[in-house]
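Structural features, examined
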Amino acid sequence: MAAITMKNIVKQYGDGFPAVNDVSLDVQDGEFMILVGPSGCGKSTLLRMIVGLEDITSGEMKIADRVVNKVAPRQRNLSMVFQNYALYPHLTVFENIAFPLRLAKKPDEEVRRRVTETAELLELTEHLERKPANLSGGQRQRVAMGRAIVRQADAFLFDEPLSNLDAKLRGQMRAEISRLQRRLGVTTVYVTHDQTEAMTLGDRVAVLRKGVLQQVGSPRELYEEPANLFVAGFIGSPSMNFLPATLDSSAEGTFLETPLGRFGLPDKITAAEIGDRDVVLVGIRPEHFEDASLVSEEKRARGTVVQAHVDVTEWLGNELYAYVPYEAPEDLAAQLRDLSRELDSDQLRTQAVVALDPASMISEGQEAELWIDTSRAHIFDPATGENLTRDEERVAALGRQAEQARLRQRQAQAGQAPTGQAGNGATQAKPDQEPPTSPD
Amino acid sequence: MHFVFRPPGQAAAGLLTLPWRLPLEHWTDERLVEIRQRGLSRHVVRFVAEGGTLYALKELHERLARREYGLLRRLHELGLPAVEAVGAVVDRGPDLDAILVTRYLDHAISYRSLFANPRGGQHPTDRLLDALVELLVRLHLAGFMWGDCSLSNTLFRFDAGAFAAYHVDAETAELHPSGLSEGQRHYDVDLARERIAGELFDLFAAGQLPPEVDPVEVADDVVRRYEGLWDELTREESLHPDDQQYRIAERLRRINELGFDVDEVELVDADTDAAVGTEGGVEGGADGEAIRMRVRTRVAEPGHHRRILYTRTGIDAQENQARRLLNDIAAFRAHLERETGHPIPEVVASNRWLAEVYELVVQSIPDELRGRLDEVEIFLEVLDHRWFMSERSGKDVGTMAAALDYFENVLPQVPDDLTGTP
């Protein structure tokens, strides 16, 4: 059990290109941290520096309180879960799990105790005497996890562990990993390119882009208070829509003029904060649109109704997607195209994706009235990508909330776990531990 | 369906008629071959004999298949001992993974088969580990991290009584053209230690491990052997100017003996280097004139002897085999020179040896025993047999007599499924 602390970590390859550039990140003891970003963002390199596979060009890597920059991988006491696991056909499930302990020449009594505890956690107790050939795919994966757990590693590391599994097994394993991590309370760092996986698994998610840490926070913080255009576009599916807008101040007030129509300026930003920027990008998530005819009067007042030409619709039963093309100045359209490419997204950037109530009767080719929840819109500086509407107080509150939820969960698990810890030492959450005042 | 293969693709063309649109495990084609005692695999693996060649087919995710295909090709280009990637079949239809096609190594043996069929009551652990460690070192020198070094992921070939190891499964391998970090090497070796111990525990559970073999001991020994060889090949030495030349020559000879080539020798003034702060702690000479030798070792494959033998005789042998055959050619040449009383050119001696000695023996191998071992290995065993017989009878029995006796009494004892070629 250990915290992992990264301070100004840089990884520079021979050609001088910084694969990881000045990343500082604290993974707290027992926390489930996700590293996410599109390919080439440096997430795997960062994980490999934690493991000890890549030399650190500069900066400091600490596990618990030990600086490990020069420590060999084996001496770091970490466990890469699922990496090259092999189940041995003639060994029982018990021996397949026990084998790292046999290798470490642990006494039989200790081996028996630790394997039994691990099997109980993984619900493999009744299969202990079976051979791997008689197990289902999911059970085999659990045996592989058992081998990692029984080692008493200080932290678990996962490098895109589910990317080669079929969709069904992937879903099962995601749930399994999440349940176990909560139960064991083992510090975990998990690399994925899949933002859905990131959002469902992590206590906190660190978003990387071209080697630079963009934002780290709870899934909710990333979704509701993205630090910049990149994070806003990366988190959420389908992606946030970005509409170019100009500021229009008149006697009636200040408005944003967008290709979809004129909105009132959201409360969280003032015209002064937009300053002399000619153009800004207004970010609206697909789910913050609605068919205006289905919105109550009271709710209507909180947002803006616009007229839009619906090009295509997709009815999925539980949701209706409508696609609304819009015009954008060429330079901004090019910028949005680049962003889309970087996010590995096939979403067209000059077309708003709108998620509507499936009861809506809006259909293709129609001029429709759409309601937009402008109170939840964000405004970005197109030049720097900075989110001008980010609410720092709210960010801090969300961070506290997430941390408290994590500690509560751990306390509940600690009270409930039948065997305490399957050999992972003092993993009980400390009830007197003060949650940090800020998430990062 | 999309079949990517490397030219020349004549053999691969015959594979096109296989039922690619069905899941591999459901195939019933008559060209399928069952290979007993093959290694374990996470994926469905089947074997197909087509046009006299045996192919291994592995079904796996397209991304992984393409990656492995690329890595195996790269290994091949670098002259590293690995199975040869023939092609990859992608776009086989909905819900079907890709299939990677590799050429099965002729006369290759898996560790399981070696343990199940000990020859002459001797278990092969020692020679097996030497071969595996050498392979791992070669890969590391070339910038490959194996990511899953194990006995199951290796095939062995007899090499004049020793073994040559071949890399079979590149699924987890990584190529780092600028070289491996210390962490990557250590990680790879740790993983090898674990995997080998696991495989030996498994053999033990299957009742195939001799009682005197301790899996943990063996696994630890792999690490020791690896470190020994790596150190021998790469360590820096501090040299005194007086014996510089001799020490350099000695070191190079030692590295060549181990089957490796030296790419570059760098001599650095120990003092200058210390000032730069290089780690290593080699002491400079008291007079400040000592120099430090850095040796960049390169993978030499197909080894020195192998290349010479091939150019002289057209025989494609393993390195140790080649060394012994060259010795035999040299002895034959000396014999010819003595007999004729004048010098015989090397090329003449080689050609006559090939026609008058080697081919005579090889052509007289009974057909039913031909596949038991590869031809070169059989020839070398005949040479050994001749030596034993001559010693026993107190006079040289001659090669052909030894061969006939060997075909009658020794070769039939080699299990016919020891090597995987049908």
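Just so you know, these numbers come straight off a predicted model, no measurement behind them.

So, on to the overall build of chain A. Regarding its fold elements, chain A presents 12 helices and 21 strands. On C-alpha atoms alone, chain A measures out to a radius of gyration of 25 Å, which is about the 22 Å that the 2.2 N^0.38 rule sets for 440 residues. Overall, the C-alpha framework of chain A stretches about 80 × 50 × 45 Å when taken along its three principal axes. Looking at chain A as a whole, 45% of its 440 residues qualify as buried. Of all intrachain contacts in chain A linking residues separated by at least 6 positions in sequence, the fraction that spans at least 24 positions is 71%.

Turning our attention to the overall build of chain B. Across its full length, chain B carries 13 helices and 13 strands. Counting only residues that meet the buried cut, chain B has 38% of its 422 residues in that class. When contacts within chain B are restricted to residue pairs at least 6 apart in sequence, long-range pairs at least 24 apart make up 66% of them.

Next up on the list: helix 1 (residues 43-51) of chain A. The element helix 1 of chain A is largely enclosed, with a buried count of nine among its nine residues. Residues of helix 1 of chain A that are buried include every one of A:Lys43, A:Ser44, A:Thr45, A:Leu46, A:Leu47, A:Arg48, A:Met49, A:Ile50 and A:Val51, and no others.

All right, on to the pairing of strand 12 (residues 253-258) of chain A then. Residues and elements named next belong to chain A. Where strand 11 (residues 241-250) lies against strand 12, five bridges are found, and the strand directions are antiparallel. In the strand pairing of strand 12, leucine 247 is matched with leucine 256. From the end of strand 11 to the start of strand 12, which pair antiparallel, there are two residues. Direction of pairing for strand 12 relative to strand 13 (residues 261-264): antiparallel, over a ladder of four bridges. By the bridge assignment for strand 13, leucine 256 is matched with phenylalanine 263.

With 20 residues of chain A at the interface, the matching set in chain B holds 24 residues. Residues belonging to the side of chain A that touches chain B are distributed by class as follows: nine nonpolar, five polar and six charged.

A few words on unusual backbone geometry. Residue and element names in this part refer to chain A. Following serine 237, the chain continues into proline 238 via a peptide bond in cis, with omega recorded as -5 degrees. With respect to the helices and strands, proline 238 occurs in the loop between helix 8 (229-234) and strand 11. At asparagine 77, a position not held by glycine, the phi torsion is positive, near 55 degrees. Within the secondary structure layout, asparagine 77 lies in the loop between strand 5 (66-67) and strand 6 (78-80). One non-glycine residue, glutamine 152, adopts positive backbone phi at about 60 degrees. Secondary-structure assignment places glutamine 152 in the loop between helix 4 (137-149) and strand 7 (155-159).

Residues and elements named next belong to chain B. Take lysine 58: it is sitting in strand 4 (residues 53-60). For lysine 58, a count of 24 C-beta atoms within 10 Å puts it in the buried group. In this structure, the C-alpha to C-alpha distance between lysine 58 and alanine 249, residues 191 residues apart in sequence, is 47 Å.

Moving on, we get to the domain arrangement of chain B. Residues and elements named next belong to chain B. What the domain assignment reports for chain B is domain 1 (2-103), domain 2 (111-233), domain 3 (235-298) and domain 4 (317-413). Across the contact, six residues belong to domain 2 and eight residues belong to domain 3. Elements that contribute at least two residues to the side of domain 2 that touches domain 3 include exactly helix 4 (125-141) and helix 6 (215-234). When residues of the side of domain 2 that touches domain 3 are assigned to their parent elements, the largest contribution, four residues, is made by helix 6. Split into classes, the residues belonging to the side of domain 2 that touches domain 3 amount to three nonpolar, no polar and three charged.

The next subject is the sheet that holds strand 1 (residues 2-5) of chain B. Residues and elements named next belong to chain B. The six strands are arranged 1-5-6-4-3-2 in an open sheet whose pairing can be described as antiparallel. Every other strand in the sheet has two partners, leaving strand 1 and strand 2 (32-33) as the edge strands with one partner each. Where strand 1 meets strand 5 (residues 84-90), four bridges bridge the pair, whose relative direction is antiparallel. Bridge pairing links valine 4 to alanine 88 in strand 5. Contacts between helix 2 (residues 62-77) and the sheet are confined to strand 4, strand 5 and strand 6 (98-103), with strand 5 contributing the most and set at about 160 degrees to the helix.

It is worth spelling out the environment of B:Val90 at this point. Residue and element names in this part refer to chain B. With respect to the element layout, valine 90 can be found in strand 5. Judged by C-beta crowding, with 20 C-beta atoms within 10 Å, valine 90 ranks as buried. Sequence separation between valine 90 and arginine 193 is 103 residues; the distance between their C-alpha atoms is 35 Å. Setting aside its immediate chain neighbours within four residues, valine 90 contacts His2, Glu62, Ala65 and Ala98.

This brings us to the nonpolar core. Counting residues in each nonpolar core, the largest one holds 210 residues, and the members touching the most others are A:Leu157, A:Val189, A:Ala206, B:Leu136 and B:Phe156. A per-element tally of this core places helix 4 of chain B first, with 10 residues. B:Phe156 has contacts with B:Ala108, B:Ile109, B:Tyr111, B:Leu114, B:Leu128, B:Ala131, B:Phe163, B:Ala164 and B:Ala165, leaving out every residue within four places of it along the chain.

All names here are of chain B. Put simply, chain B has an average pLDDT of 82, and 86% of its residues get 70 or more. Highest mean pLDDT in chain B belongs to strand 7 (residues 144-145) (94); lowest belongs to helix 8 (residues 270-276) (50). Counting interchain partners and residues more than four positions distant, the pLDDT-below-50 stretch residues 273-286 has 17 contacts. Both confidence scores are given for the complex: pTM 0.80, ipTM 0.81.

On to the packing of helix 4 of chain B against helix 6 of chain B. Residues and elements named next belong to chain B. Axis separation between helix 4 and helix 6 bottoms out at 9 Å; the angle between their running directions is 50 degrees. Overall, the two elements helix 4 and helix 6 adopt an arrangement that is oblique. Handedness of the helix 4/helix 6 crossing: right-handed. Seen from helix 4, the contacting residues are Thr125, Leu129, Asp130, Val133, Glu134, Leu136 and Val137; seen from helix 6, they are Val218, Asp221, Val222, Arg225, Tyr226, Leu229, Trp230 and Leu233. In terms of residue class, the contact of helix 4 with helix 6 is made up of 10 nonpolar, one polar and four charged.

Before going further, it helps to examine the confidence of the model for chain A. Should pLDDT be low for a region, the predicted coordinates there are not to be read in detail. Residues and elements named next belong to chain A. The share of residues in chain A with pLDDT of 70 or more is 92%, and the mean pLDDT across the chain is 87. Put simply, helix 9 (residues 271-274) is where chain A has its lowest mean pLDDT, 81, and strand 10 (residues 212-217) is where it has its highest, 97. Scored below 50 in pLDDT, residues 418-440 shows 53 contacts in the model against residues more than four places distant or in partner chains.

Residue and element names in this part refer to chain A. Sheet architecture is open: five strands sit in the order 13-12-11-14-21, paired in antiparallel fashion. Each edge of the open sheet carries a strand with a single partner, namely strand 13 and strand 21 (378-380). Each strand axis lies, on average, 40 degrees off the axis of its neighbour in the sheet, ignoring direction.

With that settled, the discussion passes to helix 13 (residues 399-409) of chain B. Residue and element names in this part refer to chain B. If you check which residues of helix 13 are buried, you get Ala402, Ala403 and Tyr406. All buried residues of helix 13 lie within an arc of 100 degrees about the axis, which places them on one face of the element. Exposed side chains of helix 13 directed beyond 90 degrees from the buried face belong to Glu408 and Asn409. Considering only its buried residues, helix 13 is in contact with helix 11 (346-363) and helix 12 (375-393).

Right, let's talk about the domain arrangement of chain A for a bit. For chain A, the domain assignment lists domain 1 (4-224) and domain 2 (239-387). Taking only C-alpha atoms into account, the centre of domain 1 of chain A sits 39 Å from that of domain 2 of chain A.

Right, let's talk about the packing of helix 2 (residues 93-103) of chain A against helix 3 (residues 108-121) of chain A for a bit. Residue and element names in this part refer to chain A. Contact geometry for helix 2 and helix 3: axes closest at 10 Å, N-to-C directions at 130 degrees. Classed by the angle they form, the pair helix 2 and helix 3 counts as oblique. By crossing handedness, the relation of helix 2 to helix 3 is classed as right-handed. Contacts between helix 2 and helix 3 pair Phe94, Ile97, Ala98, Leu101 and Arg102 from the former with Val111, Arg114, Val115, Thr118 and Ala119 from the latter. Split by residue class, the contact of helix 2 with helix 3 holds seven nonpolar, one polar and two charged.

The rules we used
Residues numbered from 1 in each chain as written. Chains lettered and ligands numbered in written order. Predicted model: local features only at pLDDT ≥ 70, side-chain atom pairs only at ≥ 80, totals over all residues. Helix = DSSP H or I, 4+ residues; strand = E, 2+ residues; numbered from the N terminus. Rg over C-alpha atoms; globule rule 2.2 N^0.38 Å. Buried ≥ 20, exposed ≤ 12 C-beta atoms within 10 Å, placed from the backbone. Contact = placed C-beta atoms within 7 Å. Pairing = 2+ DSSP bridges. Nonpolar A, V, L, I, M, F, W, Y, C, P; charged D, E, K, R; others polar. Domains from an automatic or database assignment. Axes fitted to C-alpha atoms, helices over the stretch in contact; angles between N-to-C directions. Core = buried A, V, L, I, M, F, W, Y, C linked by C-beta atoms within 7 Å. pLDDT = per-residue confidence, 0-100. Parallel < 35°, antiparallel > 145°, perpendicular 65-115°, else oblique. Left-handed = near helix turned anticlockwise from the far one by under 90°. Arc of directions from axis to C-beta.

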